[in-house]
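Working through the structure, step by step
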Amino acid sequence: MIEADGVGRTFTVRRQVVHAVRDLSFRVAAGEFAACLGPNGAGKSTTIKMLTGILTPTSGRVTVAGLDPSRRRTALARRIGVVFGQRTTLWWDLPLRDSLELVRLLYKVDRKVFRERLDEMADLLDLGGFLRTPVRQLSLGQRMRGDITAALLHDPAVLVLDEPTIGLDVVSKAEVRDFLRRLNAERGTTVLLTTHDLGDVERLCRRVLLIDHGRLAFDGTVDDLRATAPGRASIEDVVADLYLRSRGTPRTPHPAPLPARDLPSETA
Amino acid sequence: MSPGHGAAVSLYPLLAWYGFRRHATYWTAALAGAFTNTVFGVLRAYVLIALWQARPGLGGYDVAAAVTFTFLTQAFIGPMQLFGGGLDLPQRIRSGDVALDLVRPAPLQAWCLSEDLGRAAYLFAVRGLPPALVGALLFGLAAPRAPAAFLASVVLGVVVSFGWRYIVALATCWVMDDRGLATLSMVLTTFFSGLMLPLAIFPGWFGDLARALPWSAMAQVPADVYLGTAEPGGALAFQAGWAAVLIALGALMTGAARRKVVIQGG
Amino acid sequence: MIRTYALLAWTWTRAAAQYRLSFTLVTLGAFVVGGLDIAVIWVIFANTDTLAGFALSEVMLLYGASQLAFALADLLFGNVDRISQHIRAGTLDVMLIRPASPFAQVAADRFSPHRIGRAAQAAVVLGVALARLEIPLGRVWMVPVMVASGAVIFTALFTLGGALQFLLTDAPEVANAFTYGGAMLNQYPLSVYDARIVRGLTFVLPLAFVNWQPGLYVLGRPDPLGLPSWTGLLSPAVALALAAVAALAWRAGIRRYRSTGS
């Protein structure tokens, strides 16, 4: 469902070429739930932007839902849903309900289908209490639930979330996680999220992609991840180890000798 | 002299310096503003040249004086903040942070004035000089008649401008729609400061009124001092008078704002 | 694209209409602020009978036509000049993940219907000028054509200014010099300006086709530069050509954004 083949992305900052992402290759199969981890500035957001068509890669090839995001941006937009944890895709001054209605019209979702989906989502995400509230007055947790609803109204095959649980309290986090798990399990929606919260990884994902210095530093299951540091009790320590290990080595020529391997696609 | 008093004396220059530095970080915006002010200056100059060709000597200016007037007033837009704003106060009132400002031992108005003088000094250099230089290159500008008096007049103009903007900003405490107020202030300032046309050519009683209002102290009067079309002593006294009135009014409003915000809690 | 625009604009209009009093006041404010320009013209003509060879009614015609064109462009597409804010706040990213034209989304974002106040003020001035001038029917048909072409030219300018902001994200004010500067420039007969400037405005940045050339045709006056009287009839063609250039520049801007990720 998501394919990256030798994807690279350079930026020119003050006449110096910076490699934000280099030679990144991975595949996420349909129906998978994958998390993309990595320290700040590792290239996660750049990767997300290339997958969603906001940014054009400088090298390599990306295919999402069968489309090249940078060439077929609009067509892709109808097949994927995107959620940004740090900013909203809703209209700040409009009530949530009006924002969702606008999304419906922009994505040309049939009115009847919209009503059914909204009812379902309102039930699952408990939106009822704040559908009439302007988005700027929503709490972060309410806003995030609204944003997830907006991203799913057109029933996309892929949902990409950039730090969806950032800043949420324990209860909101649990609600969002629970919803995403059900979405993936019951509807078969492919989910890719980035996060700094390892609780997201442990509770949601079987698959972990660890990006550091713009490269894929680890690709495997959560259990594989634990196996890289058998002595460690918590997954936080394991990941901290990985980050530190790759920081200890210089950026060139290769970050860290970590077990990077491709998972065979679970569904063909 | 108590040590506390000594600290207060050095506080305000320091605040002015901070104001200067804070605006220096937005140098690209300032240069873009200077560019815009210059382009508009050229356009306005041609309109005035056409008017003065039809009516030579109008309002006591010759063509060269009218052109100089145009570029001077364009140069004043930045330092005198003729389009309004320049103060953080409205945002701080809306967010409630102003309560913190009002309980500080230093008076809020003096605090803001110091920062604003620093801002004006920076914008005088970065947004004031480019339009004047381009004007001089394209049209040739008249030299200042009394440079020292002109500088004093510019400083007093900034104080009058601050006094007015402070009142407008503080009114946010009582008026819900501060955007409407800002627009009203901008209309009054741009029209009655002499920015759009010299007040000297406003006809009859309307002209007398326009020349007596505080806004004329922000652009018309300093420009007249520069051109020698106003007697410096009287001009500076006029500006100082309005500065005193507006600052006093602002001080009264600060007291009222403190009672409203600190005692009633917003 | 039109559908997206209409949708978003309608939503914002409904949002604005919820605060009826505020909406009325701001619309009246826009009317009054526009009236300030006409006050300046009034002061000028209190001092002289003609400005660069044009009488008050003729200047009012030129002013009314260009300001109406500008106000319409500003009402419908003026928000394109907020593109640098969208770039800095990251909201352009949000627009790019939607299946709709980013141009329509930026132009319609925070659509402010109160700007109609400014258009109304300009329309009043234009109406008064037409009533005083008694222009023959054979030429008066050019007035609506001139306003429409002018609106397209100003829209193209707003778009070019927006495209420029992809390069000058930190200094969006530079673009204002062209859009608002262009509007101010056209308030007066171009004969007040130096002939070199007027040539530049005819052949390079074709602001002379907003109201000057077609205005000369409507008024039945010869062009000071000696161009034939039918030059004014070219306004619609010039407007479309400039719109095409602006569309290309905008596309280039979006492409640059997606390839630099600023």
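Residues numbered from 1 in each chain as written. Chains lettered and ligands numbered in written order. Predicted model: local features only at pLDDT ≥ 70, side-chain atom pairs only at ≥ 80, totals over all residues.

A closer look at the overall build of chain B
What chain B contains, in helices and strands, is 11 helices and 0 strands. Counting from the amino terminus, helix and strand elements in chain B follow one another as α-α-α-α-α-α-α-α-α-α-α. Its C-alpha atoms give chain B a radius of gyration of 19 Å, near enough to 18 Å, the size a compact globule of 266 residues would have. Dimensions of chain B, computed from the C-alpha atoms along their principal axes, are close to 60 × 35 × 35 Å. Taken over 266 residues, chain B has a buried fraction of 48%. For chain B, the proportion of contacts with a sequence separation of at least 24, taken over those separated by at least 6, is 81%. (Helix = DSSP H or I, 4+ residues; strand = E, 2+ residues; numbered from the N terminus. Rg over C-alpha atoms; globule rule 2.2 N^0.38 Å. Buried ≥ 20, exposed ≤ 12 C-beta atoms within 10 Å, placed from the backbone. Contact = placed C-beta atoms within 7 Å.)

Some words on the overall build of chain A
Of the regular secondary structure elements, chain A holds 9 helices and 9 strands. For 268 residues, the compact-globule estimate of 2.2 N^0.38 gives 18 Å, and chain A sits close to it at 19 Å. Once the C-alpha set of chain A is aligned to its principal axes, its extents read approximately 55 × 45 × 40 Å. Residues classed as buried in chain A amount to 44% of the 268 residues present.

Considering the packing of helix α2 (residues 20–47) of chain C against helix α7 (residues 116–133) of chain C
Residue and element names in this part refer to chain C. α7 packs onto α2 with a crossing angle of 40° between their chain directions and a minimal axis gap of 7 Å. On the basis of their axis angle, the class for α2 and α7 is oblique. For α2 against α7, the interelement crossing comes out right-handed. Contact with α2, carried on its side by Thr27, Leu28, Ala30, Phe31, Gly34, Gly35 and Ile38, involves Ile116, Gly117, Arg118, Ala120, Gln121, Ala122 and Val125 of α7 and no other residues of that element. Partitioned by chemical class, the residues of the contact of α2 with α7 number 8 nonpolar, 5 polar and 1 charged. (Axes fitted to C-alpha atoms, helices over the stretch in contact; angles between N-to-C directions. Parallel < 35°, antiparallel > 145°, perpendicular 65-115°, else oblique. Left-handed = near helix turned anticlockwise from the far one by under 90°. Nonpolar A, V, L, I, M, F, W, Y, C, P; charged D, E, K, R; others polar.)

A few points about unusual backbone geometry
With a phi angle near 50°, alanine 65 of chain A is a residue other than glycine that sits in the positive phi range. The topology assignment puts alanine 65 of chain A in the loop between β4 (59–64) and α2 (73–77). By the C-beta count within 10 Å, which is 18 here, alanine 65 of chain A ends up partly exposed. Non-glycine residue glutamine 81 of chain B carries a positive phi angle of around 50°. Within the secondary structure, glutamine 81 of chain B is located in the loop between α3 (63–76) and α4 (89–95). Judged by local crowding, glutamine 81 of chain B falls into the buried class, with 22 C-beta atoms found within 10 Å.

Regarding the sheet that holds β4 of chain A
Residues and elements named next belong to chain A. If you trace the 3 strands from one edge of the open sheet to the other, you get β2-β1-β4, paired in antiparallel fashion. What marks the edges here is a single partner per strand, and that holds for β2 (16–28) and β4. Each strand of the sheet is rotated relative to its neighbour by a mean of 30°, with strand direction disregarded. Pairing of strand β1 (residues 2–13) with β2, which is carried by 9 bridges, proceeds in the antiparallel orientation. The partner of valine 13 across the bridge, within β2, is glutamine 16. (Pairing = 2+ DSSP bridges.)

Quick notes on the interface of chain B and chain C
Many analyses report the size of an interface as the accessible area lost when the parts associate. Taken together, the contact between chain B and chain C spans 27 residues of the former and 30 residues of the latter. In terms of residues, the side of chain B that touches chain C owes the most to one element, helix α2 (residues 27–54) of chain B, which gives 15 residues. By residue class, the composition of the side of chain B that touches chain C is 20 nonpolar, 5 polar and 2 charged.

A closer look at the interface of chain A and chain C
The interface of chain A with chain C comprises 22 residues on the first partner and 15 residues on the second. Secondary structure elements with two or more residues in the side of chain A that touches chain C: α1 (44–52), α2 and α3 (96–106) of chain A. In terms of residues, the side of chain A that touches chain C owes the most to one element, α3 of chain A, which gives 4 residues. Grouping the amino acids of the side of chain A that touches chain C by side-chain chemistry returns 10 nonpolar, 6 polar and 6 charged.

Re the sheet that holds strand β8 (residues 207–212) of chain A
Residue and element names in this part refer to chain A. Taken in spatial order, the 6 strands of this open sheet run β5-β6-β7-β3-β8-β9, and their pairing is mixed. The sheet is open, and its two edges are formed by β5 (80–84) and β9 (215–221), each paired on a single side. Going across the sheet, the axis of each strand differs from the next one's by a mean of 15°, ignoring polarity. Bridge count between β5 and strand β6 (residues 158–162): 5 bridges; the pairing is parallel. Within the sheet, the bridge partner assigned to valine 83 lies in β6 and is leucine 161.

Observations concerning the packing of helix α3 (residues 56–77) of chain C against helix α9 (residues 142–165) of chain C
When two helices pack together, their arrangement is captured by the angle between the axes and the distance separating the axes. Residues and elements named next belong to chain C. α9 packs onto α3 with a crossing angle of 45° between their chain directions and a minimal axis gap of 8 Å. In terms of orientation, α3 lies oblique with respect to α9. Considering the relative orientation of α3 and α9, their crossing is right-handed. Mapping the contact onto sequence places Ala65, Ser66, Leu68, Ala69, Phe70, Leu72, Ala73 and Phe77 in α3 and Val143, Met146, Val147, Gly150, Ala151, Phe154, Thr155 and Phe158 in α9. Per-class residue counts for the contact of α3 with α9 are 13 nonpolar, 3 polar and no charged.

Notes on the environment of leucine 236 of chain B
All names here are of chain B. With respect to the secondary-structure elements, leucine 236 resides in helix α11 (residues 232–263). C-beta crowding within 10 Å serves as the criterion here: with 20 such atoms nearby, leucine 236 is assigned to the buried category. Linking leucine 236 and leucine 199, residues 37 residues apart in sequence, is a C-alpha distance of 17 Å. Sequence-distant contacts of leucine 236, defined by excluding residues within four places in its chain, comprise Ala149, Ala152, Ser153 and Leu156.

So, the confidence of the model for chain A
Per-residue confidence for chain A averages 85 on the pLDDT scale, and 91% of its residues sit at or above 70. In this model residues 249–268 of chain A is a low-confidence stretch, pLDDT under 50, and it forms 35 contacts with partners more than four residues away in sequence or in other chains. (pLDDT = per-residue confidence, 0-100.)

Side note on the pairing of β5 of chain A
Most of β5 of chain A is tucked away: 5 of the 5 residues are buried. Burial of the side chains of β5 of chain A extends over both faces: Ile80, Val82 and Phe84 of chain A are buried on one face and Gly81 and Val83 of chain A on the other.

What about the arrangement of the chains?
Ranking the 2 pairs of chains in contact by contact count places chains B and C at the top. Without any contact between them, chain A and chain B keep their closest C-alpha atoms 14 Å apart.

Some points on helix α12 (residues 212–219) of chain C
All names here are of chain C. Across the 8 residues of α12, 7 count as buried, placing the element largely inside the fold. For α12, the complete set of buried residues consists of Trp212, Gln213, Pro214, Gly215, Leu216, Tyr217 and Val218. Contacts from the buried residues of α12 go to α3, α8 (137–140), α9 and α13 (235–260). A positive phi of about 70° marks glycine 220, the residue just after α12.

Some thoughts on the environment of valine 113 of chain A
Tracing the backbone through its elements, the reader meets valine 113 of chain A in helix α4 (residues 111–125). The spacing of valine 113 of chain A and aspartate 155 of chain A is 42 residues in sequence and 9.9 Å in space, taken between C-alpha atoms.

A look at the environment of tryptophan 212 of chain C
The residue tryptophan 212 of chain C is located in helix α12 in this model. In sequence terms tryptophan 212 of chain C and methionine 60 of chain C are 152 residues apart; their C-alpha atoms lie 12 Å from each other.

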